[in-house]
Amino acid sequence: MLKQRVITALVLLPIALAGFFWLDGGAFALFIGAVVSLGGWEWARLAGFSSQPMRVAYGLLVAALLYGLYLAPALAPLVLVLGVLWWGAATILVLGYPETSRYWGGTPGKLVIGLLILLPAWQGLVLFKQWPLANWLILAVMVLVWAADIGAYFSGKAFGKRKLAPNVSPGKSWEGLVGGLLASLAITVGVGFYRGWVGSELVLAVVGAALVVLISVVGDLTESMFKRQSGIKDSSNLLPGHGGVLDRIDSLTAAIPLFAALLWAAGWGAL
């Protein structure tokens, strides 16, 4: 398994880096759209579609909607707002699982939820590419999420006792959450000092980073919740040793739209 993980990472890492940081405009939107559409194909399985034609059809629907959003950039604010509202609702659903599963709306509801997860994440990344310091924004949200994951892993292993969401993901602890949050905030403060942020700028950056990290945890738990309900360990086996696309981007699907919305509210870029 370790060998598989390493080989897959070595193959995919340069492709991912090139796609995220070298592509621009339509090429970037297409690259991210392909990843998100694969995520849609995987989500259809979590929604209850076991047949390949139905899963492919849902993936194609996601791709078609992304193309429509690309042609209608005026819809970007609405997409981000819907994304942020969904992740607020997802927090409640995760905290109340399994009782809250009755509010999912069955297969139709889960298909809509898939769109609320995938479309805003694509929209946020496309917006980043249009704003000042585009690649740095993408790197920033990734570093926040990765630092939180790494910090949570080590602090959870060392100090984890109180379960964060035992009905969803028994391996996660409150101690891990705090450790991951502190790791991300330490990086945020370091960047703030380097860039000369003072006073309210630094406070807003820390608060914003904390919100992004916390919602990224909800993104991770949300996919775990739907996988647990479906009796599925990985979203797919597309990435040998790593599971599926959704298994790798679940935290980012939540972090990206909130990060984009916070930046927009702060006047970073236009919608």
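Residues numbered from 1 in each chain as written. Predicted model: local features only at pLDDT ≥ 70, side-chain atom pairs only at ≥ 80, totals over all residues. Heavy atoms only, no water.

The protein chain appears in an unreviewed UniProt entry as Phosphatidate cytidylyltransferase from Metapseudomonas lalkuanensis. Per UniProt, the protein chain has the following entry under Catalytic activity (unreviewed entry): "a 1,2-diacyl-sn-glycero-3-phosphate + CTP + H(+) = a CDP-1,2-diacyl-sn-glycerol + diphosphate". What UniProt states about the protein chain under its Subcellular location (unreviewed entry) heading is, verbatim, "Cell membrane". (UniProt positions renumbered as here; feature names shortened; annotations may be inferred.)

## Notes on a nonpolar patch on the surface
A cluster of nonpolar residues, Leu75, Leu78, Val81, Leu82 and Leu85, forms a patch on the protein surface that exposes about 430 Å² of accessible area. With respect to the helices and strands, Leu75 occurs in the loop between helix H3 (52-71) and helix H4 (76-96). By relative accessible area, Leu75 is classed as partly exposed at 38%. (Patch = residues over 30% accessible without salt bridge, like charges linked within 9 Å, V, L, I, M, F, W, Y side chains within 5 Å. Areas by Shrake-Rupley, 256 points an atom, 1.4 Å probe, with all protein chains shown as cover. Salt bridge = Lys/Arg side-chain N within 4 Å of Asp/Glu carboxyl O. Helix = DSSP H or I, 4+ residues; strand = E, 2+ residues; numbered from the N terminus. Buried < 20%, exposed > 50% of the residue type's maximum accessible area, 1.4 Å probe, protein only.)

## Examining unusual backbone geometry
The peptide bond linking Tyr97 to Pro98 adopts the cis configuration, its omega dihedral lying at 10°. Among the structural elements, Pro98 can be located in the loop between H4 and helix H5 (106-128). A positive phi angle, close to 55°, is found at Leu133, a residue other than glycine. Among the residues examined, Leu133 registers a relative accessible area of 40% and is labelled partly exposed.

## A word on the nonpolar core
Counting residues in each nonpolar core, the largest one holds 70 residues, and the members touching the most others are Trp43 and Phe128. In contact with Trp43, not counting residues within four places along its chain, are Tyr58, Lys110, Leu111, Ile113, Gly114, Ile117, Phe226 and Leu246. (Core = buried A, V, L, I, M, F, W, Y, C linked by side-chain atoms within 4.5 Å. Contact = heavy atoms within 4.5 Å.)

## So, the UniProt feature "transmembrane region" (unreviewed entry) in the protein chain
Under the present numbering, the feature "transmembrane region" (unreviewed entry) in UniProt falls on residues 28-44, 56-72, 78-97, 109-128, 134-155, 176-196 and 202-221. Strand forms 0% of residues 28-44 and helix 100%; the C-alpha atoms that close the span are 24 Å apart.

## Describing the pattern of salt bridges
For the coordinates displayed, the defined rule picks out six salt bridges. We note a salt bridge from Asp234 to Lys233, for which the minimum N-O separation is 4.0 Å. Residue classification places Lys233 among the exposed residues on the basis of a relative accessible area of 69%. Here the salt bridges do not stand alone but share partners, grouping Glu223, Lys227 and Asp247 into one network.

## So, the environment of Arg5
Its location among the elements puts Arg5 in helix H1 (residues 2-21). The sequence separation of Arg5 and Ile138 amounts to 133 residues, and the corresponding C-alpha distance is 24 Å.

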